Amino acid sequence: MVDKSFSSTSKGFQMTFSSGYTFSVSYSEFSYSDQGETTAEVAVWHSKEDHWLCFEDGAWVIVPDGRTAVLGHQTPDQVASHMEIISKL
């Protein structure tokens with residue numbers, strides 16, 4: 001169950017869309033980014049169906065076998081583009 005549609009920290013934020021997909025942006029020292037100077041890490045998972053998505057060959061696909069995935073070193077334009085795609089699923 002999703003308690004909030006938005007959450008944030010000092011090193012990123014998450015948005016959960018009505019479809020149940022959560023879009024996470026992180027730029028901490030532990031993420032695949034340059035700590036928010038020019039890039040951030042993106043992760044996407046479905047909060048109700050318990051699966052993650054990864055970006056492969058130009059499309060978001062379900063990660064097999066219950067594994068997780070992140071997309072590192074994304075520019076602001078790339079983050080916005082991915083967010084738009086996920087928001088329409």
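The rules behind each value
Residues numbered from 1 in each chain as written. Predicted model: local features only at pLDDT ≥ 70, side-chain atom pairs only at ≥ 80, totals over all residues. Heavy atoms only, no water. Helix = DSSP H or I, 4+ residues; strand = E, 2+ residues; numbered from the N terminus. Rg over C-alpha atoms; globule rule 2.2 N^0.38 Å. Buried < 20%, exposed > 50% of the residue type's maximum accessible area, 1.4 Å probe, protein only. Contact = heavy atoms within 4.5 Å. Areas by Shrake-Rupley, 256 points an atom, 1.4 Å probe, with all protein chains shown as cover. Lys, Arg positive; Asp, Glu negative; His and termini not counted. Charge placed at Lys NZ, Arg CZ, Asp CG, Glu CD. Salt bridge = Lys/Arg side-chain N within 4 Å of Asp/Glu carboxyl O. Phe/Tyr/Trp six-rings, centres within 6.5 Å; stacked < 30°, edge-to-face > 60°.

*Asks:* Looking at this model, I keep getting lost on the overall build of the protein chain. Mind explaining?
*Replies:* Helix and strand counts for the protein chain stand at one helix and seven strands. Counting from the amino terminus, helix and strand elements in the protein chain follow one another as β-β-β-β-β-β-β-α. For 89 residues, the compact-globule estimate of 2.2 N^0.38 gives 12 Å, and the protein chain sits close to it at 12 Å. For the protein chain, buried positions account for 38% of its 89 residues. Within the protein chain, contacts between residues at least 6 apart in sequence are counted, and of these 39% link residues at least 24 apart. Total accessible area computed for the protein chain in this model is approximately 5,700 Å², and 52% of it derives from carbon and sulfur atoms. In the protein chain, which carries 5 positive and 12 negative side-chain charges, the distance between the mean positions of the two groups comes to 7 Å.

*Asks:* Would you mind going over the pattern of salt bridges with me for this structure?
*Replies:* Oppositely charged side chains can pair when the atoms bearing their charge come close. Tallied over the full model, the rule gives two salt bridges. Arg-67 serves as the salt-bridge partner of Asp-65, at 3.5 Å between the closest nitrogen and oxygen. Note that Lys-88 and Glu-84 form a salt bridge whose closest N and O atoms lie 3.1 Å from each other. Judged by its relative accessible area of 61%, Lys-88 falls in the exposed class.

*Asks:* I keep staring at the packing of aromatic side chains and nothing clicks. Help me out?
*Replies:* Remark: the centre distance and the inter-plane angle together describe each pair of aromatic rings, the angle taken between the planes. Scanning the entire structure with this criterion turns up two aromatic pairs. Look at Trp-45 and Trp-52: their rings are 5.0 Å apart centre to centre, the planes differ by 40 degrees, and that puts the pair in the tilted class.

*Asks:* What am I meant to see in unusual backbone geometry here?
*Replies:* With phi around 60 degrees, Asp-65 is a residue other than glycine that occupies positive phi space. Within the secondary structure, Asp-65 sits in the loop between strand 6 (59-62) and strand 7 (71-74). The backbone phi angle of His-73 is positive, close to 55 degrees, even though this residue is not glycine. Here His-73 lies in strand 7.

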